[in-house]
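Chains, contacts and geometry: an overview
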Amino acid sequence: MSRRGSRSPWLLLTAALVAGPSLAGEVTNVVASDRIPLPAERESKYRNRIAQELGGGGWQVFLGDLHSHPRGHSENEDTELDFTPQILRSEVLQSAFRHGYDFFGTSNHTSSWDDGYDGDDPISQLSPELDANGQPELLILTGVESHVGPDDGTGPSHDHHFNSFNRHVHVHSDDVWDMHHEILNNYSTNPLLSTHVQLNHPSDNVWFTLPTEPDRRRNVRDAIELTEFNGLPRYFELLRRGFRVAPVSNSDAHATTRELLAHEYLDRNPDGSFVRPFIDEPGVPREKLYGDDFAQGRGGVVLPPGTPFNYNNFLTALRNRSVFRTGLAPASGFFMVNGRPMGSEFERAANERRLDFTVWGTTKDGTGYGGNEWTKLQVWNPFQPGAPLKEITYSDPNLINVREAFSLTPYESIYVVTLTQNWGNSEVVMAPIWVTNPVSKPTVSFEHPVINRQLVPMLFINGGGNSLILQRATNPLSPDWKTVGTITNNYYYPIDSATLPTTSLWRVVDPHQQTIVSNATTLTIANGIEAELPWVGTTTHDGVNVTVHWSHPQGVAVDYFASRDNGATWTKVGEDVVANTNRYWNFYTGGWGNSNVLLKVVDKNDSGRFGIAGPFFVDATVEQKIPATSSNATINAIAAYTVTDDNTGSCWWTSNGNEQSVYIDLGQVHLVKRMEVLFGSANPPSWYMGLSLNGSSWVIQDGGSLSYASGQTLIRDYSQRSGGGVNTRYVRFYASGTFPGITQFSQICDVRLYR
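Everything in this summary refers to the structure shown in the same document. (Residues numbered from 1 in each chain as written. Predicted model: local features only at pLDDT ≥ 70, side-chain atom pairs only at ≥ 80, totals over all residues. Heavy atoms only, no water.)

1. Digging into the packing of aromatic side chains
- Counting across every chain of the model gives 21 aromatic pairs.
- The interplanar angle of 25° and the centroid separation of 5.9 Å between the aromatic rings of F334 and W360 together place this pair among those described as stacked. Of this pair, F334 sits in strand β15 (residues 331–337) while W360 sits in strand β18 (residues 355–363), and the two are 26 residues apart along the sequence.
- On the basis of relative accessibility, which here comes to 0%, the residue F334 falls in the buried class. (Phe/Tyr/Trp six-rings, centres within 6.5 Å; stacked < 30°, edge-to-face > 60°. Helix = DSSP H or I, 4+ residues; strand = E, 2+ residues; numbered from the N terminus. Buried < 20%, exposed > 50% of the residue type's maximum accessible area, 1.4 Å probe, protein only.)

Given below as structure tokens:
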């Protein structure tokens, strides 16, 4: 496409590529010895393909620069020249070609625009030289950089700089309205007939703005497609201000002189040569001037598979924001979301409540251990710039090609994806996606927060993705959240009240972003028995007691049940025939190893009135010692508990040689296979043991005599008896007599019974 017919694009392009004689009136006045020698042939080509699994050879990646000035400035704050530095545009384009750019844009300033020179340049040119795939090696664009800005004391006027291509926007004004007006005058919904605008070096002091009128705002926003990238904070600010801009990195290189650059450019070596032998110039990447310790970023444009690389398709890619910026020239990035490429703005379908991302990163001719391996992928919401929504880190030094798939729920209106490489933490920042109708974050409530046990409570869910993690807690003061499961979000969910405690808290968590947590809502079972596990530990073995505490305002007699299948079936494990309002009861875990256990306390006279405690996990470790309590004795009953407290330093004792006994309760009937009695400083000459199943009828089962010895242990083995042991719930251990002249009492410190 050529704006004028006075100069053929092929004539000018040939001049660019073979450095033919300049046209009349044009001049290069930058000292030749200050310019880096032109490569003999095209080099440093970073054109690439990415996401090749999508077919057609993959998306095509082209890298270039859309901000350079063959004509510079004649002065700065320190120096003033009597001429304006200039390099023939044909020489600049030849440098861009030889240094491997795929596309290159020049954009002289409106403040020094020369219609006789700048205005006569073709809008675009394609090189006649083709790559191995038959694509032009170089696309050249001619643009203009305009100056505009409010003269409102927030900074120097004209701080807003912007480039325009295809249809030039010439603005040199203090009024941002002029910028909007001229953009609208040159805008079309057809990218081939429209201006294409890039915001240059956005500032913290003076920010670009969009019109407030809806139609003007929409069209200006559509025309402004790019922004120069100078850090995520400034980029995020533009996105928050409503701009739909993709990031690019450019050089903003000007034709200049050593005197204007000053500083290190005037420093000399001892032999009189310059420390920096070459100065900045448009068309020459800065890494060529400064060496391997410096990298000049690039703008990247991606075209769909099979799409020819030409001016029309390039403009269409800009309008589609199929663009990224890269800190290292060989690095490229691209992503798709639900089949849409980066840069897309869309209204999600009603059932589209999950965003499936696939992100690709590649490095042209890269090798591992060269610093160009990928180290990090991040997804950002510009409205929450403090931390990424998602971060994936990599540690493979050979990871020069990355493909990552993950899902997010579309709570945000903008998603920015970045990839980071090891060398200098250089980033690839990709054009975002814009979601015009994001999902609201989930909230939950019960239709009826107080119900009777026989009803099915319905949890209502507002917002959230197509799946959610359902969680429940039982302690309102310090919620102990446990996951119930992952549920399909149909906006309501029936809760099985059969296994619920009297009071429970409920919430949902997003499975893809577990920092997204709903409010907590409470469900109360009005006709239930309040049940809890006050002391259950993190580790519970097979063969220990777990205490359940329950209460009810009215005294009730209860049955105790346990379940290892989340309440599908229940096993009766005990009962209280006497009515209580408040009770602590021990559940024996023997035989329940390797199970999640629920306990249920049921009113004997109303099976619909019950309470649930748990679940808790009983592991496979078996405790052979039977848990027991002792709270009564024929003498010194206050010390009876010491017989089962596992503390040999505390003992129950007899006061004389008369026969005395202590009572032991095993909690339920057990088959006892072994008994150990640990005596203290004095033991009785004789002992015997009575057993009872009910605490009232006793049978003497064992006994014997002892010689005196301080601290001795009595061990009895019942495993060889008929039935493999003795069945009992209650044990009564008797001690009788003293050793005259030696003892006046007996000490029993521990009685241990084993299954």
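After that view of the structure, there is still more to cover.
2. What to know about the sheet that holds strand β29 (residues 482–488)
- The 5 strands lie next to each other as β26-β32-β31-β28-β29, forming an open sheet whose pairing is mixed. Edge positions in the sheet fall to β26 (450–451) and β29, since each of these pairs with one other strand and no more.
- Note that β26 and strand β32 (residues 521–525) share 2 bridges and pair parallel. Paired with I451 across the strands is I525, a residue of β32. (Pairing = 2+ DSSP bridges.)

3. With respect to the state of the cysteines
- Applying the stated criterion across every chain yields a total of 1 disulfide.
- In this model, C651 is linked to C749 through a disulfide, with the two sulfur atoms separated by 1.9 Å. Between C651 and C749 the disulfide shows an S-S torsion of about 85°. By sign, it is right-handed. One end of the pair, C651, is in the loop between β38 (629–633) and β39 (652–653); the other, C749, is in strand β46 (residues 747–754), and 98 residues separate them in sequence. Just as C651 is buried, C749 falls in that class too. (Disulfide = S-S within 2.5 Å.)

4. A look at the sheet that holds strand β25 (residues 443–446)
- What the 3 strands build is an open sheet, ordered β25-β27-β30; its pairing is antiparallel. Looking at strand neighbours, the two that pair on one side only are β25 and β30 (492–494), the edges of this open sheet. Sheet twist, expressed as the average angle between the axes of neighbouring strands with direction ignored, equals 25°.
- Sheet analysis places β25 next to strand β27 (residues 458–462), joined by 4 bridges and oriented antiparallel. Bridge assignment links F446 to a residue of β27, and that residue is L459. (Axes fitted to C-alpha atoms, helices over the stretch in contact; angles between N-to-C directions.)

5. Structural notes on a nonpolar patch on the surface
- The grouping of F460, Y491 and Y492 at the surface amounts to a nonpolar patch, some 300 Å² of accessible area in total.
- The topology assignment puts F460 in strand β27.
- What makes F460 partly exposed here is its relative accessible area of 34%. (Patch = residues over 30% accessible without salt bridge, like charges linked within 9 Å, V, L, I, M, F, W, Y side chains within 5 Å. Areas by Shrake-Rupley, 256 points an atom, 1.4 Å probe, with all protein chains shown as cover. Salt bridge = Lys/Arg side-chain N within 4 Å of Asp/Glu carboxyl O.)

6. Here's the deal with unusual backbone geometry
- The linkage connecting G614 with the following residue, P615, adopts the cis geometry, with an omega of 10°.
- When you line up the elements, P615 lands in strand β37 (residues 606–618).
- The residue S44 is not glycine, and still its phi comes out positive at about 55°.
- Mapped onto the secondary structure, S44 falls in the loop between α1 (9–18) and β1 (48–50).
- Judged by relative accessible area, which is 25%, S44 ranks as partly exposed.
- Even without glycine at this site, N338 takes up a positive phi of about 50°.
- Considering the arrangement of structural elements, one finds N338 in the loop between β15 and β16 (340–341).

7. Quick notes on helix α2 (residues 89–98)
- Here α2 lies mainly inside the structure; 10 of its 10 residues are buried.
- Taken together, the buried positions of α2 are occupied by R89, S90, E91, V92, L93, Q94, S95, A96, F97 and R98.
- Downstream of α2 by a residue or two, G100 has a phi angle that is positive, lying close to 90°.

8. Focus on the pattern of salt bridges
- Inspection of every chain in the model, using the stated rule, returns 37 salt bridges.
- Between D102 and R47 there is a salt bridge, with its nearest N and O atoms 3.1 Å apart. Of this pair, D102 sits in the loop between α2 and β4 (103–109) while R47 is found in the loop between α1 and β1, placing the two residues 55 residues apart along the sequence. Like R47, D102 is buried.
- For the salt bridge of R241 with E237, the shortest nitrogen-to-oxygen distance reads 2.8 Å.
- Looking at R241, the relative accessible area reads 30%, which means it is partly exposed.
- Residue classification places E237 among the buried residues on the basis of a relative accessible area of 18%.

9. Re the packing of helix α3 (residues 176–185) against helix α4 (residues 214–223)
- Two elements in contact, α3 and α4, have axes whose closest approach is 10 Å; the angle formed by their N-to-C orientations is 75°. One way to sum up the angle between α3 and α4 is to call them roughly perpendicular. In this structure, α3 uses W177, H180, H181, I183 and L184 to contact α4, whose residues at the interface are R216, N219, V220 and A223.
- The residue inventory of the contact of α3 with α4, partitioned by class, reads 5 nonpolar, 3 polar and 1 charged. (Parallel < 35°, antiparallel > 145°, perpendicular 65-115°, else oblique. Contact = heavy atoms within 4.5 Å. Nonpolar A, V, L, I, M, F, W, Y, C, P; charged D, E, K, R; others polar.)

10. Looking at the nonpolar core
- Judged by nonpolar contacts, the single largest core of 38 residues is most densely connected at F334, F335, F357, Y415, M430 and I433.
- Only β2 (59–65), β15, β18, β19 (374–380), β21 (402–408), β22 (414–421), β23 (427–430) and β24 (433–435) provide two or more residues apiece to this core.
- The element that contributes the greatest number of residues to this core is β15, accounting for 5 residues.
- With sequence-adjacent residues up to four places away left out, M430 is seen in contact with P247, V323, F324, G333, F334, F335, M342, V359, V416, V417, T418 and L419. (Core = buried A, V, L, I, M, F, W, Y, C linked by side-chain atoms within 4.5 Å.)

11. Some words on the environment of Q52
- By the element assignment, Q52 lies in the loop between β1 and β2.
- Separated by 261 residues in the primary sequence, Q52 and N313 have C-alpha atoms spaced 20 Å apart.

12. Things to note about the pairing of β21
- For β21, the tally of buried residues reaches 5 of 7 residues, placing the bulk of the element in the interior.
- The sheet contact formed by β18 and β21 spans 7 bridges and is antiparallel. Paired with G361 across the strands is V402, a residue of β21.

13. Brief notes about the side chain of H161
- Considering the arrangement of structural elements, one finds H161 in strand β7 (residues 160–165).
- Looking at H161, its side chain comes within polar contact range of the side chain of E145, at 3.5 Å.
- There is a polar contact of 3.2 Å between the side chain of H161 and the side chain of H147.
- With sequence-adjacent residues up to four places away left out, H161 is seen in contact with E145, S146, H147, Q198, L199, N200, H201 and F208. (Polar contact = N/O pair within 3.5 Å; in protein donor to acceptor, adjacent residues only side chain to side chain.)

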